[in-house]
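Breakdown of the fold
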Amino acid sequence: MMAYSNSEQVFMDVLGRLPTEDEWKDVRSLLGILQRTGFEVDDPSNAPHVTLFAWGWARSTPRADVLAAVKAAVLESGKAEASPVDLTPVIAGLRGLQEVAARPVSAKVDEGVVRTAVREAVTSALREPISLASMALLGVVIAVALFVGSWWGKRQLEPTVQMQQQMIQKLTAPDHAPRAGK
């Protein structure tokens, strides 16, 4: 039979069974962190604090919360006039949370709501690309219309422009014929 330290025994009591190998690694890691901060984990007077950490670990309390509790315990244990901590409300609260977490949860999915949500998501997702594509197409149509309009207008005005250029050339051409009587 293997001998366990006081702090390891507290973790086993809180867990209610012997931890698995991976759980032992977590327990020993947490206890090592506590010891590196100067907290005496195996001191019987610190058993309430170790119990709090064990409850947090066993109930999957986030690591940041456990480390904050470690820091608070280290600061508290540094005081000479530290009074014993009453963990009864904490344990009662944790048991209440455990009971709530153990209740089965049933969820019904309204297929109409899901269909409506999917339809709206698809519609909104397609609305912008279709809008951009239609604006690009409209821009191309306007550019083609301007090109065709200017080409057609030039074609229609070309005979008139040529006739006016000929008239200007006739009016501005010097008279090459010699004038009689001079």
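In this text, all values refer to a predicted model and were calculated from it rather than measured experimentally. (Residues numbered from 1 in each chain as written. Predicted model: local features only at pLDDT ≥ 70, side-chain atom pairs only at ≥ 80, totals over all residues. Heavy atoms only, no water.)

1. Overview of the overall build of the protein chain
- The secondary structure content of the protein chain amounts to six helices and zero strands.
- Start at the N end of the protein chain and walk to the C end: the helices and strands fall as α-α-α-α-α-α.
- A burial count over the protein chain gives 18% of its 182 residues as buried.
- For the protein chain, long-range pairs separated by at least 24 residues make up 58% of all intrachain contacts whose partners lie at least 6 apart in sequence.
- Taken as a whole, the protein chain presents about 14,400 Å² of accessible surface, with 62% of it coming from carbon and sulfur. (Helix = DSSP H or I, 4+ residues; strand = E, 2+ residues; numbered from the N terminus. Buried < 20%, exposed > 50% of the residue type's maximum accessible area, 1.4 Å probe, protein only. Contact = heavy atoms within 4.5 Å. Areas by Shrake-Rupley, 256 points an atom, 1.4 Å probe, with all protein chains shown as cover.)

2. A word on the packing of aromatic side chains
- This model, assessed by the stated rule, comprises two aromatic pairs.
- An angle of 10° between the planes, with centres 5.5 Å apart, marks the rings of Tyr 4 and Trp 24 as stacked. A residue pair is termed long-range when its members are at least 10 positions apart, and Tyr 4 in the segment before helix H1 (6-15) and Trp 24 in helix H2 (residues 21-36) qualify at 20 residues.
- Trp 24 sits in the buried class, given a relative accessible area of 6%. (Phe/Tyr/Trp six-rings, centres within 6.5 Å; stacked < 30°, edge-to-face > 60°.)

3. So, the packing of H1 against H2
- The N-to-C vectors of H1 and H2 enclose an angle of 130°; their axes lie 11 Å apart at closest approach. On the basis of the axis angle, H1 is oblique to H2. H2 is crossed by H1, and the crossing has right-handed handedness. Where H1 abuts H2, its residues Ser 7, Glu 8, Phe 11, Met 12 and Leu 15 lie against Glu 23, Trp 24, Val 27, Arg 28, Leu 30 and Leu 31.
- Residues of the contact of H1 with H2, tallied by class, amount to seven nonpolar, one polar and three charged. (Axes fitted to C-alpha atoms, helices over the stretch in contact; angles between N-to-C directions. Parallel < 35°, antiparallel > 145°, perpendicular 65-115°, else oblique. Left-handed = near helix turned anticlockwise from the far one by under 90°. Nonpolar A, V, L, I, M, F, W, Y, C, P; charged D, E, K, R; others polar.)

4. Considerations on H1
- Within H1, seven of the ten residues are buried, which leaves it mostly tucked inside the rest of the structure.
- The complete set of buried residues in H1 reads Ser 7, Glu 8, Val 10, Phe 11, Met 12, Val 14 and Leu 15.
- Looking at the packing, one finds that the buried side of H1 touches H2 and helix H3 (47-58).
- After H1 finishes, the residue Gly 16 shows a positive phi value of roughly 85°.

5. Some remarks on the nonpolar core
- Of all hydrophobic cores here, the largest spans 19 residues; its most connected members are Phe 11 and Phe 39.
- Listing elements by their share of this core, those giving two or more residues are H1, H2 and H3.
- If we skip the residues at most four places from it in the chain, Phe 11 touches Val 27, Leu 30, Leu 31, Val 50, Phe 53, Ala 54 and Trp 57. (Core = buried A, V, L, I, M, F, W, Y, C linked by side-chain atoms within 4.5 Å.)

6. As for the pattern of salt bridges
- Per the counting criterion, the structure on display carries three salt bridges.
- Its salt-bridge partner being Glu 8, residue Arg 28 comes within 3.2 Å of it at the nearest N-O pair. On the criterion of sequence distance, the pair formed by Arg 28 in helix H2 and Glu 8 in helix H1 is long-range, its members being 20 residues apart.
- Looking at Arg 28, the relative accessible area reads 38%, which means it is partly exposed.
- Between Arg 17 and Glu 23 there is a salt bridge, with its nearest N and O atoms 2.9 Å apart.
- Judged by its relative accessible area of 18%, Glu 23 is buried. (Salt bridge = Lys/Arg side-chain N within 4 Å of Asp/Glu carboxyl O.)

7. What about the confidence of the model for the protein chain?
- For the protein chain, per-residue confidence averages 79 on the pLDDT scale, and residues scoring 70 or more make up 85% of the total.
- When mean pLDDT is taken per element in the protein chain, helix H6 (residues 111-172) scores highest with 86 and helix H4 (residues 63-77) scores lowest with 68. (pLDDT = per-residue confidence, 0-100.)

8. With respect to the environment of Asn 6
- When you line up the elements, Asn 6 lands in helix H1.
- Through-space distance from the C-alpha of Asn 6 to that of Asp 43 is 7.9 Å; in sequence the pair is 37 residues apart.
- Contacts of Asn 6, omitting those with residues within four sequence positions, involve Asp 42 and Pro 44.
- There is a polar contact of 3.2 Å between the side chain of Asn 6 and the backbone oxygen of Asp 42. (Polar contact = N/O pair within 3.5 Å; in protein donor to acceptor, adjacent residues only side chain to side chain.)

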